[in-house]
Every structure is written in C-alpha cells, then in structure tokens.
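Listed below, chain by chain, are the residues.
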Amino acid sequence: MTREEKSIAIEDLTAQLAGVNVVYLADISGLNAETTSNLRRACFKAGIKLEVVKNTLLEKAMEASESNFGELSTVLKGNTSILIAETANGPAKIIKEFRKKSDKPLLKGAYINEEIYIGDNLLDTLASLKSKEEVIGEIIGLLQSPAQRVISALKNQFKDEEGAE
C-alpha cells in the first residue's frame, strides 16, 4: 500500500468515525467463509456496518477523529474488524448470537456514547444495554400508567353513579 493509499484509507476511516456514537472492535479471524458471510449478512440486516481494518490505519483515524476513543487503541493487535451501529447493544447481540456456535467473534472493545469498554468479558453487559427507543418506550409506559389508572377510576366512579340513580 502506497503512502497516498494509506492517507486515503485513514481519511475514509476518519470520516466513518465522525459523528458515530457506537463503535465495536472485534476479532473475527479464524471464521470460515460461510460463517463470515453469515456474520456480514446479520450485520447488514441489523443496520450495522462491518469492515476488516488495518490496526495502524484505524489508530491514526482514531487520533484524527474529533471523538475521544481513549484507551480503545490499546486493543488494536492482531485481526481487527470494526462494527459501526446506531444502537448501543446491536453489535453485542449479534456477537453473542454467533458465539453460540463458535468461540468467535471476540469482543476487543467498544466506544458507546463517549464511554470506553475494553475486553470480551463485557459482552453480556453490552448486550443488555437498552437502546434509546427501549428507554423512551419504558418512560412513556411509566408515564401512561398513572393516567390510565385515573381514567379507569373515573370511569368506574361514573358507572357507579349512573347505577345508583
């Protein structure tokens, strides 16, 4: 790879990292072609971008990025794939699903909403994170619950008063 090609690759990676809040780094080495294809397909269906990257180029892109990836660059050893997503738990759920049949992909680390997570031992924690939509849904449900009880009580009161006449 020429110096110009490296520079272009770093610019592309930096552009991909710009404005994203969810970035996972994983090791998918050792997966056969069929499993890798299935992983890519699952990521595509979930709206997750999966790309195998060169560690040195990704490290330079992280340094050039406006986001602070902190110690995430310390896991850039060996085979590295980057997963970029909208939902915080999406990549973790896919990795967990694939781990039911294989010991890979291995989670190296993640950057989620300016928080850094390092290590495969955090996979369950990341998979259990709630998406923004799930949290909003729960809040709306909690807010509606008391209002529904008041309406129900008023309806019952109204029925009782009608029955008394």
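If you check an unreviewed UniProt entry, the protein chain appears there as Large ribosomal subunit protein uL10 from Flavobacterium cauense R2A-7. Under the UniProt heading Sequence similarities (unreviewed entry), the entry covering the protein chain gives this text: "Belongs to the universal ribosomal protein uL10 family."

1. As for the domain arrangement of the protein chain
When its domains are assigned, the protein chain resolves into domain 1 (3–129) and domain 2 (130–164). The distance between the C-alpha centroids of domain 1 and domain 2 comes to 42 Å. Contact with domain 1, which involves five residues of that partner, is made by four residues of domain 2. Of the roughly 250 Å² buried between domain 1 and domain 2, counting both surfaces, carbon and sulfur atoms make up 46%. Interface area lost by domain 1 to domain 2 is led by T87, N89 and L129, which between them contribute 73%. At the junction of domain 1 and domain 2, the tally comes to zero salt bridges. If you look at where domain 1 meets domain 2, you find zero residue pairs in polar contact (both at pLDDT 80 or more).

2. What to know about the pairing of strand β5 (residues 115–118)
Pairing geometry for strand β4 (residues 106–112) and β5, over four bridges, is antiparallel. Within the sheet, the bridge partner assigned to Y111 lies in β5 and is I116. What sits between β4 and β5 in their antiparallel hairpin is a turn of two residues, with N113 showing a positive phi close to 50°.

3. Quick word on the environment of Q144
Looking at the element boundaries, Q144 is found in helix α6 (residues 132–164). Classification of Q144 as partly exposed rests on a relative accessible area of 42%. A sequence separation of 31 residues divides Q144 from N113, and the C-alpha atoms of the two residues are 28 Å apart.

4. Quick notes on the side chain of K104
With respect to the helices, strands and loops of the structure, K104 is situated in the loop between α4 (90–98) and β4. Since its relative accessible area comes to 15%, K104 is described here as buried. Side chain to side chain, K104 and D27 meet in a polar contact 3.4 Å long. In contact with K104, other than residues within four places in its own chain, are D27, S29, L31, F98 and R99.

5. Let's talk about the sheet that holds strand β1 (residues 22–27)
Ordered in space as β2-β3-β1-β4-β5, the five strands form an open sheet in which the pairing is antiparallel. One side of each edge strand has no neighbouring strand; the edge strands of this open sheet are β2 (49–53) and β5. Strand after strand, the sheet turns through a mean of 20° between neighbouring axes, direction not considered. Taken together, the six bridges between β1 and β4 define a ladder with antiparallel strand orientation. Counted as the bridge partner of L25 is G109 from β4. Sitting on the sheet, helix α1 (residues 3–17) touches β1, β2 and β3 (80–85), and the angle it makes with β2 is about 150°.

6. Some details on unusual backbone geometry
Most peptide bonds adopt trans geometry, and most residues besides glycine take a negative phi value. Each neighbour pair has its own omega, and for K104 with P105 the value is 0°, a cis peptide bond. Position of P105 relative to the elements: it lies in the loop between α4 and β4. The backbone of N113 shows a phi angle near 50°, a positive value even though the residue is not glycine. With respect to the helices and strands, the residue N113 is situated in the loop between β4 and β5.

7. Description of the environment of D103
Relative to the elements of secondary structure, D103 occurs in the loop between α4 and β4. Classification of D103 as exposed rests on a relative accessible area of 57%. Sequence-wise, D103 and T125 are 22 residues apart; in three dimensions their C-alpha atoms are separated by 18 Å.

The rules behind the values
Residues numbered from 1 in each chain as written. Predicted model: local features only at pLDDT ≥ 70, side-chain atom pairs only at ≥ 80, totals over all residues. Heavy atoms only, no water. UniProt positions renumbered as here; feature names shortened; annotations may be inferred. Domains from an automatic or database assignment. Contact = heavy atoms within 4.5 Å. Buried area = accessible area lost by both parts, 1.4 Å probe. Salt bridge = Lys/Arg side-chain N within 4 Å of Asp/Glu carboxyl O. Polar contact = N/O pair within 3.5 Å; in protein donor to acceptor, adjacent residues only side chain to side chain. Pairing = 2+ DSSP bridges. Helix = DSSP H or I, 4+ residues; strand = E, 2+ residues; numbered from the N terminus. Buried < 20%, exposed > 50% of the residue type's maximum accessible area, 1.4 Å probe, protein only. Axes fitted to C-alpha atoms, helices over the stretch in contact; angles between N-to-C directions.

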